[in-house]
Amino acid sequence: MRRFATRIDQLPAWAFVIGAVIAFGLVRATRLFALLHSSRGGMELGGILTLGVFLSMVIFAVRRRQVPAWRSTVHVLGATVAGNALGIVFIWPFVPPSYSVELMPMLRDTVGAGAWTALVSLPLAIALLWLSRRYGSHSQLTERRLRVIREEWRRRFARAPRAP
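Residues numbered from 1 in each chain as written. Predicted model: local features only at pLDDT ≥ 70, side-chain atom pairs only at ≥ 80, totals over all residues. Heavy atoms only, no water.

Notes on the overall build of the chain
(1) Moving on: Helix and strand counts for the chain come out as six helices and zero strands.
(2) Moving on: Overall, the chain shows an N-to-C arrangement of helices and strands of α-α-α-α-α-α.
(3) Moving on: Within the span of the chain, comprising 164 residues, buried residues form 29% of the whole.
(4) Moving on: Excluding contacts between residues fewer than 6 apart, the proportion of contacts in the chain whose partners are at least 24 apart in sequence is 73%.
(5) Moving on: Counting only carbon and sulfur atoms, one obtains 67% of the accessible surface of the chain, whose full area is about 11,700 Å². (Helix = DSSP H or I, 4+ residues; strand = E, 2+ residues; numbered from the N terminus. Buried < 20%, exposed > 50% of the residue type's maximum accessible area, 1.4 Å probe, protein only. Contact = heavy atoms within 4.5 Å. Areas by Shrake-Rupley, 256 points an atom, 1.4 Å probe, with all protein chains shown as cover.)

Quick look at the structure:
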């Protein structure tokens, strides 16, 4: 698992974004497909998968420290918007003709709304990503805290009487 994470960390930005768009688009398509067929369990599973992929994108964006925080944030938000549109494109052949909707206006509205939401939330997202990099699991503060906890456990277990 560590090698997989290291490989993703070392990907160029364009490969990271394309991979994130495809992954997010596929899981969004599963949820939209379940929504199209009124499958409650499928929609719930699609929602869980969507959340999982989104959290994975954020986690890997935090880990990719060679990219500035604002650029990583733009990568994640852009991949989310583009993945959402790609999910619509994936399910479009399965939309019944009785739904009188057109693909291009739907994509325009989806991308427009997503871009506006990303633009409005960009300052907060950049600040949160910077804070997570600064005070997250790889900071010296957290490493010191973990070392203190391990030493305390060692002392407690060393004093505990052992049962025969």
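More follows now that the structure is in view.
Comments concerning the environment of Thr 6
(1) Moving on: You can see Thr 6 is positioned in helix α1 (residues 2–9).
(2) Moving on: Owing to a relative accessible area of 31%, Thr 6 belongs among the partly exposed residues under this scheme.

Quick look at helix α5 (residues 103–135)
(1) Moving on: Along its length, α5 shows its largest kink, about 55°, at Leu 122, and proline Pro 123 lies within four residues downstream of that point.
(2) Moving on: Residues of α5 that are buried in the fold lie against α3 (40–63) and α4 (69–91). (Bend = angle between axes of the 7 residues up to and from the residue.)

A closer look at unusual backbone geometry
(1) Moving on: Of note, Ser 38 is a non-glycine position whose phi angle comes to about 55°, a positive value.
(2) Moving on: Tracing the backbone shows Ser 38 in the loop between α2 (13–36) and α3.
(3) Moving on: According to the relative accessible area criterion, Ser 38 is exposed, its value standing at 59%.

Section: the environment of Ala 127
(1) Moving on: Structurally, Ala 127 is set in helix α5.
(2) Moving on: Assessed through its relative accessible area of 35%, Ala 127 is described here as partly exposed.

Some points on the packing of aromatic side chains
(1) Moving on: This model, assessed by the stated rule, comprises one aromatic pair.
(2) Moving on: A centroid spacing of 5.1 Å and a plane angle of 80° characterise the contact between Phe 33 and Phe 94, whose relative ring orientation is edge-to-face. Here Phe 33, found in helix α2, pairs with Phe 94, found in the loop between α4 and α5; they are 61 residues apart in sequence, far enough to count as distant.
(3) Moving on: When its relative accessible area of 33% is taken as the criterion, Phe 33 is described as partly exposed.
(4) Moving on: Taking relative accessible area as the criterion, Phe 94 reaches 48% and is therefore assigned partly exposed. (Phe/Tyr/Trp six-rings, centres within 6.5 Å; stacked < 30°, edge-to-face > 60°.)

Overview of the pattern of salt bridges
(1) Moving on: The full count for this structure, using the stated rule, is three salt bridges.
(2) Moving on: Across the salt bridge formed by Glu 152 and Arg 155, the nearest N and O atoms sit 2.1 Å from each other. Residue Glu 152 and its partner Arg 155 are located together in helix α6 (residues 140–159), separated by three residues, close to a single helical turn.
(3) Moving on: The class of Arg 155 is partly exposed, set by a relative accessible area of 48%.
(4) Moving on: The partner of Glu 152 in a salt bridge is Arg 156, and the shortest N-O contact between them spans 3.1 Å. Of this pair, Glu 152 and Arg 156 both sit in helix α6, four residues apart, which is roughly one turn of that helix. (Salt bridge = Lys/Arg side-chain N within 4 Å of Asp/Glu carboxyl O.)

Considering a nonpolar patch on the surface
(1) Moving on: Residues Trp 14, Ile 18, Ile 22, Leu 26 and Phe 90 make up a contiguous nonpolar surface patch of about 510 Å² in total accessible area.
(2) Moving on: Within the secondary structure layout, Ile 22 lies in helix α2.
(3) Moving on: For Ile 22, a relative accessible area of 41% gives the class partly exposed. (Patch = residues over 30% accessible without salt bridge, like charges linked within 9 Å, V, L, I, M, F, W, Y side chains within 5 Å.)

Treat this as a map of the structure, not an account of what it does.
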